[in-house]
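One-letter residues, chain by chain:
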Protein chains: 2
Amino acid sequence: MKAMIIEHYGDPDVLTPAELPTPEPAPGEVRLRVQAVSVNPVDFKWRRNGPFKTFPVVLGWDVCGVVDALGAGVTDFRVGDAVYGMVRFPQEGRAYAQFVTAPVGDVAHKPATLSPREAAALTLAPLTAHQAFERMDLRRGQTVLIHAAAGGVGHLAVQLAKVRGARVIATASGRNLDFVRSLGADEIVDYRARPFEEQVRGVDAVLDTVGGDTLPRSFGVLRRGGTLISIAGQPSAEEAERWGVRAERILVYPSRAHLELLGKLVEAGRLRPHVSQTYPLEEVAEAHRALETGRTVGKIVLDVG
Amino acid sequence: MKAMIIEHYGDPDVLTPAELPTPEPAPGEVRLRVQAVSVNPVDFKWRRNGPFKTFPVVLGWDVCGVVDALGAGVTDFRVGDAVYGMVRFPQEGRAYAQFVTAPVGDVAHKPATLSPREAAALTLAPLTAHQAFERMDLRRGQTVLIHAAAGGVGHLAVQLAKVRGARVIATASGRNLDFVRSLGADEIVDYRARPFEEQVRGVDAVLDTVGGDTLPRSFGVLRRGGTLISIAGQPSAEEAERWGVRAERILVYPSRAHLELLGKLVEAGRLRPHVSQTYPLEEVAEAHRALETGRTVGKIVLDVG
């Protein structure tokens, strides 16, 4: 099968095509004929420098495809089923390929109303947002600040926070202000007009999808006793204590139960991933470059099928 | 570390002690110092003949322990946390050991009100029951027949079916009738007094935890349009069509979200695992022999700590 591999860490050009053996599903795994794969910041971060010790590495975790083989014991998927999921994260995902194997606990049936491209986008990003909101126990009536609300995680986080009945303050800029408003955000903060910390005060929770200095600057917008969850950097415990808030970094984990919940929200018309750009698998380096600008909207997806 | 390994398939005596290297957690995994491990029918079935191609194999999936090391990127567990879960099923679990590594999506924080032995029992068995009820979409007001209701899966299934508001008919025999009644079953069928199919008719759903001839004999107790889920055998598609019912076999999969749900039910006083026998890890062969009689009540647990 065709795959895009890296043989060492580096810039986007390290992504090169290769012919690899088609993988066999282990017990409890399905094999998917891949249709679409979405990319995330972790893809380029781990392409630059990742946790893998042996090469080649096949990056890629977010996949939609059709089941074409079953490992021993698999009963809840059949050959021909359309499924999607975040596969094996944070271990080697191997989804930049024509075929990938997946533990059955990592995938779910694709919502019928989504295209394969859209389903491939409904994976790491909304799982991250959902797990962050579970961790902060975001509830009806609370106010949450969502950073980079037009981005891959952000645009799904806005929708999921509204599903929970929260009031959403969303940061964005320029032409993305309207997009974020269309997602249901209650208040939009143009972070280029003025620093966000001058525009927001006393929120119950912050979802930091950006890291860098956005993270430390976010402490001051929380009420005492509020919660800061970052998916992009490690909050300082000293700062958290000084501000009287809870602050944690989370790492997303695979969960069929969460995918099924997301699928129900899609079918109820309450959640929709936005795919802004697509590239063929062979051009994944271009997709990484686009994502690395930090200026993309919604999700970027690779066509494989 | 000490572990109980098998070097080939066979009778309980193939379980032998060995000294193995303490495993290192991969990215996204925690390492647990194991306190307790529970055993399931799959343990002895796969000791007799399993899906593993290379030996030695360390069986064991159901674990409670204390986090003692974190793999790269792990943020949602800390060293010292008490956690439990079903690890890596249906691949090699490696929990018959003093230390085991676990993907963070496979484990959850231990409910404070459970002992490590009890938490080790709140894993494969209730996950199986919960996933079976999800598959059959068991709802308030429906009637479900639960086979072997005093057993490992059965005694938790009765409680979980009551949580869903279903009416529970439970099969048991002898001195277990009172135990099953104490779990909240609405009607008890003594399958030794008369065949269960002479005592039950028109139920919405059957949970078959037994297999063998219990499975085909269960078709006739369902109403047309009812659902039979087996965890122990493959239902005949022809029979299902003849009886006008849906019939499926399921294989349990790891799920932190489901463990967290089970933990909340425990803390709300609505679910409690019953540990009937404990053995030290070195005597796991005895635990297998006990379980293989098919006459044990609740769960059997190995003490490791």
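Residues numbered from 1 in each chain as written. Chains lettered and ligands numbered in written order. Predicted model: local features only at pLDDT ≥ 70, side-chain atom pairs only at ≥ 80, totals over all residues. Heavy atoms only, no water.

Per an unreviewed UniProt entry, chain A goes by the name NADPH:quinone reductase and belongs to Deinococcus koreensis.

All names here are of chain B. The buried count for strand β15 (residues 299-303) comes to four of five residues, which makes it a mostly enclosed element. Pairing geometry for strand β3 (residues 29-39) and β15, over four bridges, is antiparallel. The residue bridging Ala36 from the neighbouring strand is Asp303, located in β15. For strand β14 (residues 275-280) and β15, the ladder comprises five bridges, and the chain directions are parallel. (Buried < 20%, exposed > 50% of the residue type's maximum accessible area, 1.4 Å probe, protein only. Helix = DSSP H or I, 4+ residues; strand = E, 2+ residues; numbered from the N terminus. Pairing = 2+ DSSP bridges.)

UniProt tags residues 10-302 of chain A as "domain: Enoyl reductase (ER)" (unreviewed entry). Helix makes up 27% of residues 10-302 of chain A and strand 27%. Its end C-alpha atoms lie 20 Å apart. (UniProt positions renumbered as here; feature names shortened; annotations may be inferred.)

Counting residues at the interface gives 23 residues for chain A, matched by 23 residues for chain B. In total, about 1900 Å² of surface goes out of reach between chain A and chain B, with carbon and sulfur atoms giving 55% of it. Between the two partners, chain A and chain B, sit two salt bridges. For A:Arg135, the salt bridge goes to B:Asp76, with nearest N and O atoms at 3.6 Å. Our enumeration of links across chain A and chain B arrives at eight residue pairs in polar contact (both at pLDDT 80 or more). Broken down by element, the residue count for the side of chain A that touches chain B peaks at four residues, all from helix α8 (residues 256-267) of chain A. Considering only residue class, the side of chain A that touches chain B consists of 10 nonpolar, seven polar and six charged. (Contact = heavy atoms within 4.5 Å. Buried area = accessible area lost by both parts, 1.4 Å probe. Salt bridge = Lys/Arg side-chain N within 4 Å of Asp/Glu carboxyl O. Polar contact = N/O pair within 3.5 Å; in protein donor to acceptor, adjacent residues only side chain to side chain. Nonpolar A, V, L, I, M, F, W, Y, C, P; charged D, E, K, R; others polar.)

Our next topic: the sheet that holds strand β13 (residues 246-249) of chain B. All names here are of chain B. Taken in spatial order, the six strands make up an open sheet running β10-β9-β8-β11-β12-β13, and their pairing is parallel. Edge positions in the sheet fall to β10 (187-190) and β13, since each of these pairs with one other strand and no more. Strand-to-strand, the axes of this sheet are offset by a mean angle of 15°, without reference to chain direction. Note that strand β9 (residues 167-172) and β10 share four bridges and pair parallel. What sits directly across from Ala172, in β10, is Asp190. In the packing of helix α3 (residues 124-136) onto the sheet, contacts are made with β8 (143-146), β11 (203-208), β12 (222-230) and β13, and the angle to β11 comes to roughly 150°. (Axes fitted to C-alpha atoms, helices over the stretch in contact; angles between N-to-C directions.)

What follows concerns the packing of helix α1 (residues 41-48) of chain A against helix α9 (residues 284-292) of chain A. The geometry of a pair of packed helices is captured by two quantities: the angle between their axes and the separation between those axes. Residues and elements named next belong to chain A. As a packed pair, α1 and α9 sit with axes 9 Å apart at the nearest point and diverge in direction by 105°. Taken together, α1 and α9 sit at an angle that is classed as roughly perpendicular. Facing α1, whose interface residues are Pro41, Asp43, Phe44, Arg47 and Arg48, α9 presents His288, Leu291 and Glu292. Split into classes, the residues belonging to the contact of α1 with α9 amount to three nonpolar, one polar and four charged. (Parallel < 35°, antiparallel > 145°, perpendicular 65-115°, else oblique.)

With that settled, the discussion passes to the relation of the copies chain A and chain B. Mapping chain A onto chain B calls for a screw motion: a turn of 180° about the axis and a shift of 0.0 Å along it, with 0.0 Å RMSD after fitting. What the rotation and shift describe, once combined, is the action of a two-fold rotation axis. Most of the interface of chain A is mirrored in chain B, where 100% of its interface residues again form contacts. (Least-squares fit on C-alpha atoms with pLDDT ≥ 70 in both.)

Residues and elements named next belong to chain A. At a minimum axis separation of 8 Å, helix α3 (residues 124-136) and helix α4 (residues 152-163) run at an interaxial angle of 50°. Considering their axes alone, α3 and α4 lie oblique with respect to each other. Once α3 is placed against α4, the crossing between them reads as right-handed. Note on element contacts: α4 touches α3 through Gly152, Val153, Leu156, Ala157, Leu160 and Ala161, opposite Ala125, Pro126, Thr128, Ala129, His130 and Phe133. Residue composition of the contact of α3 with α4, by class: nine nonpolar, three polar and no charged. (Left-handed = near helix turned anticlockwise from the far one by under 90°.)

Quick look at the sheet that holds strand β8 (residues 143-146) of chain A now. All names here are of chain A. If you trace the six strands from one edge of the open sheet to the other, you get β10-β9-β8-β11-β12-β13, paired in parallel fashion. Lying at the two open borders of the sheet, with one neighbouring strand each, are β10 (187-190) and β13 (246-249). With direction set aside, neighbouring strand axes in the sheet form an average angle of 15°. Sheet analysis places β8 next to strand β9 (residues 167-172), joined by four bridges and oriented parallel. Note that in β9 the partner of Leu145 across the bridge is Ile169. Helix-sheet contacts for α3 involve β8, β11 (203-208), β12 (222-230) and β13, and the interaxial angle to β11 is about 150°.

Residues and elements named next belong to chain A. Within the element layout of this structure, Lys2 appears in strand β1 (residues 2-5). The exposed category is assigned to Lys2, whose relative accessible area is 53%. In this structure, the C-alpha to C-alpha distance between Lys2 and Pro17, residues 15 residues apart in sequence, is 7.0 Å. Residue contacts for Lys2: discarding those within four places in its chain leaves Ala18, Glu19, Ala97 and Gln98.

This next bit is on unusual backbone geometry. Of note, the amide linkage connecting A:Phe89 to A:Pro90 takes the cis form, showing an omega dihedral of 5°. Tracing the backbone shows A:Pro90 in the loop between β5 (82-86) and β6 (99-103). Here the amide bond leading from B:Phe55 into B:Pro56 is cis, since omega sits at 5°, within 30 degrees of zero. Tracing the backbone shows B:Pro56 in the loop between α1 (41-48) and β4 (62-70).

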